Amino acid sequence: MIYFDHAATTPMSSAALKTYLSIAQTVYGNPSSIHSAGRLAHKELRQARQTIATAIGVHADQIIFTSGGSEANNLAIKGYALANQSKGKHLITTAIEHHSVLETMDYLATQHGFEVTYLQPVDGNISAQQVKEALRADTILVSIMYVNNETGMILPIEEIATVLADHPARFHVDAVQAIGKLPIQLTNLAVDFLSASAHKFHGPRGVGFLFAADMHFHALIHGGKQEGQRRAGTENLAGIAAMATALTQQLENMESNTKLVQDLKDYLLEQLSSLPHYLNLPKNHLPYVLNVGLPDTLNEQVLMRLDLAGIALSSGSACTSGVIQTSHVLEALYGKKSHRLKESLRISLAESNTKEEIDQLIHQLSLILGV
Ligand SMILES: *Cc1c(COP(=O)(O)O)cnc(C)c1O
């Protein structure tokens, strides 16, 4: 099978898998138990937390392990908003966030009386100036993604952090598509919350973390003292340790991976020139995602035919129970009526892809398009 859907999930690296198996087999104690099996598990947990904290330049006690990116986003946004609503009930986000941010915002608006400003892209961009103009005295939280999962767009997180420096609102960043791909050092980036998910950087599914500089937020899961009482439940130790391994490896290889993927993306662009196509390409973007439109096609049909040919990619939009919905991201960028919504495909690359695989993709596309 040829896999071009790395923005949806990545295969686990062999190093991460090795850690996973070794911990699952040999470190079976509960990190909260006081016997030696428990203490051994606790030591592994502490090491993984330290590895991850060091990797992004924060303190170990600021890392809260979660079941993934969606939970980390929910915890930061719901947890902070509900605990701080006496200070104000205005929230700011963008129209191009992941559903785990958008639907959490919608929940706070409809169920808890918050007011949410959804920044719309202007000329294909979200700017720090837009955030500045949307800020109010009662704004308590701004949540903006680092890299968009459907287009690869890099958002101006540093500039937004600067804008927020003289406002009491907290800043949450969904960094799920950025971590391991962009250098992120929170020692020199004023972010209060940051979400990550292991399976987007060659770690296991079902595990992630939230960095929290401000501990004044509510837990979503109650019942135990784990994670500084911010997230009850026995820890997914094998998953957490494997996430630490995956992150370490990804950061070590970040520069060479980016070069490999940039090279693949350039090759893909070159080969695409033999087909009728257009790009949904933001000005500032990472090379890992290429969103491409094929004029006068239906992406559902193209995806199905590619799948039959053994090539996996997606339309970039959320896929619920096998039904492709139109992309809210392309909608925000190009308008509800744009032909791009039905014609666009997301090709998401990893360093493990090859030029031969790209040749295969182009070949299959030319068969489908009859050119
Ligand atoms: C995948 C993704 C998430 C959700 O992460 P899960 O671990 O799958 O819950 C959140 N935000 C972005 C930008 C993503 O790409």
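Residues numbered from 1 in each chain as written. Predicted model: local features only at pLDDT ≥ 70, side-chain atom pairs only at ≥ 80, totals over all residues. Heavy atoms only, no water.

**Q** How should the overall build of the protein chain be read in this particular structure?
**A** Looking only at helices and strands, the protein chain features 13 helices and 14 strands. Relative to the compact-globule value of 21 Å for 371 residues, the protein chain shows a C-alpha radius of gyration of 21 Å, a close match. Along the first, second and third principal axes, the C-alpha atoms of the protein chain reach 65 × 50 × 35 Å. Each of the 371 residues in the protein chain was classed as buried or not, and the buried ones make up 56%. The long-range fraction of contacts in the protein chain, counting pairs at least 24 apart against all pairs at least 6 apart in sequence, stands at 72%. Averaging the coordinates of the 27 positive side-chain charges in the protein chain and doing the same for the 34 negative ones gives two points 6 Å apart. (Helix = DSSP H or I, 4+ residues; strand = E, 2+ residues; numbered from the N terminus. Rg over C-alpha atoms; globule rule 2.2 N^0.38 Å. Buried < 20%, exposed > 50% of the residue type's maximum accessible area, 1.4 Å probe, protein only. Contact = heavy atoms within 4.5 Å. Lys, Arg positive; Asp, Glu negative; His and termini not counted. Charge placed at Lys NZ, Arg CZ, Asp CG, Glu CD.)

**Q** Would you explain the sheet that holds strand 2 (residues 63-66) in this entry?
**A** As a general point, the strands of a sheet are linked pairwise by backbone hydrogen bonds and lie either parallel or antiparallel. Taken together, the 7 strands give an open sheet; going across it, the order is 2-8-7-6-5-3-4, and neighbouring strands pair in mixed fashion. For this open sheet the edge positions go to strand 2 and strand 4 (115-119), each flanked by a neighbour on one side alone. On average, each strand axis in the sheet is inclined to that of its neighbour by 20°, with strand direction left out of account. Bridge analysis of strand 3 (residues 90-94) against strand 4 gives 5 bridges, and the strand direction is parallel. Bridging across to strand 4, Ile 92 finds its partner in Thr 117. Against the sheet, helix 2 (residues 36-56) engages strand 2, strand 7 (193-197) and strand 8 (208-212), with an angle of about 115° to strand 2. (Pairing = 2+ DSSP bridges. Axes fitted to C-alpha atoms, helices over the stretch in contact; angles between N-to-C directions.)

**Q** How should the sheet that holds strand 10 (residues 289-293) be read in this particular structure?
**A** The strand order 9-10-14 describes an open sheet built from 3 strands, whose pairing is antiparallel. Lying at the two open borders of the sheet, with one neighbouring strand each, are strand 9 (278-279) and strand 14 (344-348). Pairing geometry for strand 9 and strand 10, over 2 bridges, is antiparallel. Following the sheet pairing, Tyr 278 is matched in strand 10 by Gly 293. The sheet contacts of helix 9 (residues 254-272) involve strand 9, strand 10 and strand 14, and relative to strand 10 the element is tilted by about 10°.

**Q** Before we go on, may I ask you to explain unusual backbone geometry in this structure?
**A** Generally, phi is negative for residues other than glycine and the peptide bonds are trans, each holding for most cases. Backbone geometry at Glu 227 places phi at a positive 55°, although glycine is not the residue there. Along the chain, Glu 227 falls in helix 7 (residues 226-229). Unusually for a residue other than glycine, Asp 296 sits at a positive phi of about 60°. Take Asp 296: it is sitting in the loop between strand 10 and helix 10 (299-308).

**Q** Just checking my understanding: could you explain helix 1 (residues 14-26) for this structure?
**A** Since there are 3.6 residues in each turn of an α-helix, residues three or four apart along the chain are aligned in direction. Relative to the 18 Å expected for 13 residues at 1.5 Å per residue, helix 1 spans 18 Å between its end C-alpha atoms, a close match to the ideal helical length. Among all positions in helix 1, only Ala 16, Thr 19 and Ile 23 are buried. Viewed along the axis of helix 1, the buried residues span an arc of 60°, placing them on a single side of the element. For helix 1, exposure combined with an orientation more than 90 degrees from the buried face picks out Ser 14, Lys 18 and Gln 25. Those residues of helix 1 that are buried are in contact with helix 2 and helix 8 (237-252). (Expected span 1.5 Å × (residues − 1). Arc of directions from axis to C-beta.)

**Q** Can you walk me through helix 13 (residues 355-369) in this structure?
**A** Here helix 13 contains 15 residues, and its C-alpha end-to-end distance of 21 Å stays within 8% of the 21 Å for a straight helix at 1.5 Å per residue. What helix 13 keeps buried is the set Glu 357, Ile 358, Leu 361, Ile 362, Gln 364, Leu 365, Ser 366 and Ile 368. Each element contacted by the buried residues of helix 13 is listed here: strand 1 (2-3), helix 9, helix 10, strand 11 (311-312) and strand 14. Directly beyond the C-terminal end of helix 13, a positive phi value near 65° is found at Gly 370.

**Q** For this particular structure, what's the right way to read the packing of helix 2 against helix 8?
**A** At their nearest, the axes of helix 2 and helix 8 sit 9 Å apart, and the two run at 30° to each other. Classified by the angle between their axes, helix 2 and helix 8 sit roughly parallel to one another. Crossing geometry of helix 2 relative to helix 8 is assigned as left-handed. Of the residues in helix 8, those in contact with Ala 41, Glu 44, Leu 45, Ala 48, Thr 51, Ile 52 and Ala 55 of helix 2 are Leu 237, Ile 240, Ala 241, Met 243, Ala 244, Leu 247, Thr 248 and Leu 251. (Parallel < 35°, antiparallel > 145°, perpendicular 65-115°, else oblique. Left-handed = near helix turned anticlockwise from the far one by under 90°.)

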